[in-house]
Amino acid sequence: MSKSYQIAVIGGDGTGPEVAREGVKVLEAAAAKFGFTLNFEDYDFGGERYLRTGEVLPDSASEEMRKHDAIFLGAIGHPDVKPGILEKGILLRLRFELDQYINLRPVKLFPGVECPLKDKGPEHIDYVVVRENTGDLYTGTGGFTLKGTPNEVAIQSSVYNRFQVDRCLKFAFEYTRKRNKKNTLALCGKTNVLTYVYDLWERAFHEMGEKDYADIRRDYYHVDATCMWMVKNPEWFDVIVTGNMFGDIITDLGAITQGGMGIAAGGNINPEGVSMFEPIGGSAPKYTGKNVINPLAAICAGAMMLEQLGEEAAAKAIEATVMDVTANKLKSLAAGKMGYTTTEVGDLVASAL
Ligand code: IPM
Ligand code: MN
């Protein structure tokens, strides 16, 4: 009997629904070709719904999401809603409530894609960032005292416990082993200043590596140096593991080195639960409804989703097809400059599959 998967689709805001639609188109083509079924169910979470109803996310949302095998997300962020409300109330809330403790972000330069780094090509840029996705400055630990006075104090703490660090490291070591490329895992931290949090990370990293992953080489870089090497010598990297805040920052840098937000995809993964896959580019409000935004990031997010679901052959086929499209068809990855519309790019990938 062929396998069947229940997928929740959150198109979200701005160009989110447009790119999600192309992602779904390609996923359907892959399902037909590789002999499995995807049942998509749409959810209207996002800025429009919030402005209409005053509710950011229904309390039942996580329960509802848990009934699915995976979540496919377009983008969250609306120009008429104050920054932070939707991001925290939808994206971060789902990540936390579904305990998607890994944010997996491949940095891979596809053939034919213009790279802002001098003399670097696809053979130099192919690594993966494992960003811890539940702790750090994102826990909301902190607050104000004397708010609004000249003596106002604001505190926001980086918070990690050993359990969070260990489960993230275990995922990263296993992922590095399975990837089997350079068999090198680099910890990105700041042990020279953040002498509590990254001390914990560093001890846990070496303890686990020594005990269970003798086959995996361990490197360590401070986060500032990581940024430098991601530009100067990206070919050094295989898998990078880091905390939530550094992971957020370095993956935007990584994304721009792989051709920008039109191509960068990520997965919010709970290896024991429901995971959520998204293009990491945001809702690009100014391009909404124009059919010019690049859907390849969403399409690549779809491929990551299939890999997580265990449909690895289909995932690989989508990636290979996207590579063919970047190498031989698109003039640029930038919105409006692709030489094709959003829907045409989706058609190109779906029909080539
Ligand atoms: C990302 C985004 C989010 C984050 C924002 C929108 C809350 O920047 O997915 O990288 O900081 O994690
Ligand atoms: Mn980010």
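Before reading on, note that the structure itself is shown above.
Report on the accompanying structure. All of these numbers come straight from a predicted model, not from anything done at the bench. (Residues numbered from 1 in each chain as written. Chains lettered and ligands numbered in written order. Predicted model: local features only at pLDDT ≥ 70, side-chain atom pairs only at ≥ 80, totals over all residues. Heavy atoms only, no water.)

Within the span of helix α11 (residues 342-352), buried status applies to Thr342, Val345, Gly346, Leu348, Val349 and Ala350. Here the buried face of α11 lies against α1 (16-34), α9 (296-309) and α10 (312-328). (Buried < 20%, exposed > 50% of the residue type's maximum accessible area, 1.4 Å probe, protein only. Helix = DSSP H or I, 4+ residues; strand = E, 2+ residues; numbered from the N terminus. Contact = heavy atoms within 4.5 Å.)

Turning our eyes to something else, we now look at the layout of surface pockets. As a volume, the largest pocket reaches approximately 950 Å³. Those elements that provide at least two residues to the lining of the largest pocket are β4 (102-108), β5 (126-132), α5 (162-179), β11 (265-269), α9 and α10. By volume, the second largest pocket amounts to about 370 Å³. Surrounding the second largest pocket, 18 residues form its lining, Leu91, Arg95, Arg105, Asp248 and Ile280 being those nearest its centre. (1 Å grid on protein atoms, 1.4 Å probe; cavity = no way out; pocket = protein on both sides within 12 Å on 5 of 7 lines; lining within 4 Å. Points joined across faces, edges and corners; volume = space filled by probe spheres on them.)

As a further point, take the sheet that holds strand β3 (residues 70-75). Read across the sheet, 10 strands follow the order β2-β1-β3-β12-β11-β4-β5-β10-β8-β9 without closing on themselves; strand pairing throughout is mixed. Pairing within the sheet leaves two strands with one partner each, and these edge strands are β2 (37-43) and β9 (217-222). Between one strand axis and the next, the sheet turns by 25° as a mean value, whatever way the strands run. In this sheet, β5 lies alongside β4 in antiparallel orientation, the contact comprising seven bridges. Counted as the bridge partner of Pro106 is Val128 from β5. Lying over the sheet, helix α7 (residues 223-232) contacts β5, β8 (184-189), β9 and β10 (239-242), oriented at roughly 105° with respect to β9. (Pairing = 2+ DSSP bridges. Axes fitted to C-alpha atoms, helices over the stretch in contact; angles between N-to-C directions.)

Another point: the pairing of strand β12 (residues 275-279). With respect to burial, β12 is a largely interior element, five of its five residues being buried. In this structure, β3 lies alongside β12, joined through three bridges in parallel fashion. Bridge assignment links Ala70 to a residue of β12, and that residue is Ser275. Bridge count for β11 against β12 is four bridges, and the pairing is antiparallel. Directly across from Gly267, in β12, lies its bridge partner Phe277.

Attention now goes to the environment of Gly35. Looking at the element boundaries, Gly35 is found in the loop between α1 and β2. Remark: the alpha-carbon pair of Gly35 and Glu311, spanning 276 residues in sequence, is separated by 10.0 Å. Sequence-distant contacts of Gly35, defined by excluding residues within four places in its chain, comprise Ser2 and Lys3.

Attention now goes to the site of ligand 1. Surrounding ligand 1, one finds Glu87, Leu91, Leu92, Arg95, Arg105, Arg131, Tyr138 and Asp248. The separation between an oxygen atom of ligand 1 and a polar side-chain atom of Arg95 is 2.7 Å. Here ligand 1 is seated within the second largest pocket. In terms of residue count, helix α4 (residues 85-97) provides more of the shell around ligand 1 than any other element does, four residues in total. (Near = heavy atom within 4 Å. Polar contact = N/O pair within 3.5 Å; in protein donor to acceptor, adjacent residues only side chain to side chain. Sits in = over half its atoms within 2 Å of the grid points.)

Turning next to the state of the cysteines. Here a disulfide denotes a covalent bond joining the sulfur atom of one cysteine to the sulfur atom of another. Applying the stated rule across the entire model yields zero disulfides. The closest cysteine sulfur to the non-disulfide-bonded Cys115 is located on Cys227, 16 Å from its own sulfur. Taking relative accessible area as the criterion, Cys115 reaches 15% and is therefore assigned buried. Considering cysteine sulfurs only, Cys227 is the nearest to Cys188, which forms no disulfide, with 7.0 Å between them. (Disulfide = S-S within 2.5 Å.)

All chains considered together, the criterion is met by 27 salt bridges. Across the salt bridge formed by Glu63 and Arg66, the nearest N and O atoms sit 2.7 Å from each other. You can see Glu63 and its partner Arg66 sitting in helix α3 (residues 61-66), three residues apart, about one turn around the helix. Take Glu63: its relative accessible area is 49%, and that puts it in the partly exposed class. Assessed through its relative accessible area of 40%, Arg66 is described here as partly exposed. (Salt bridge = Lys/Arg side-chain N within 4 Å of Asp/Glu carboxyl O.)

Right, let's get into the environment of Phe171. With respect to the helices and strands, Phe171 occurs in helix α5. A sequence separation of 141 residues divides Phe171 from Glu312, and the C-alpha atoms of the two residues are 18 Å apart. Look past the residues within four positions of Phe171 in its chain and what remains in contact with it is Ile102, Leu104, Val130, Ile269 and Pro271.

Don't take any of this as a statement about function, it's just geometry.
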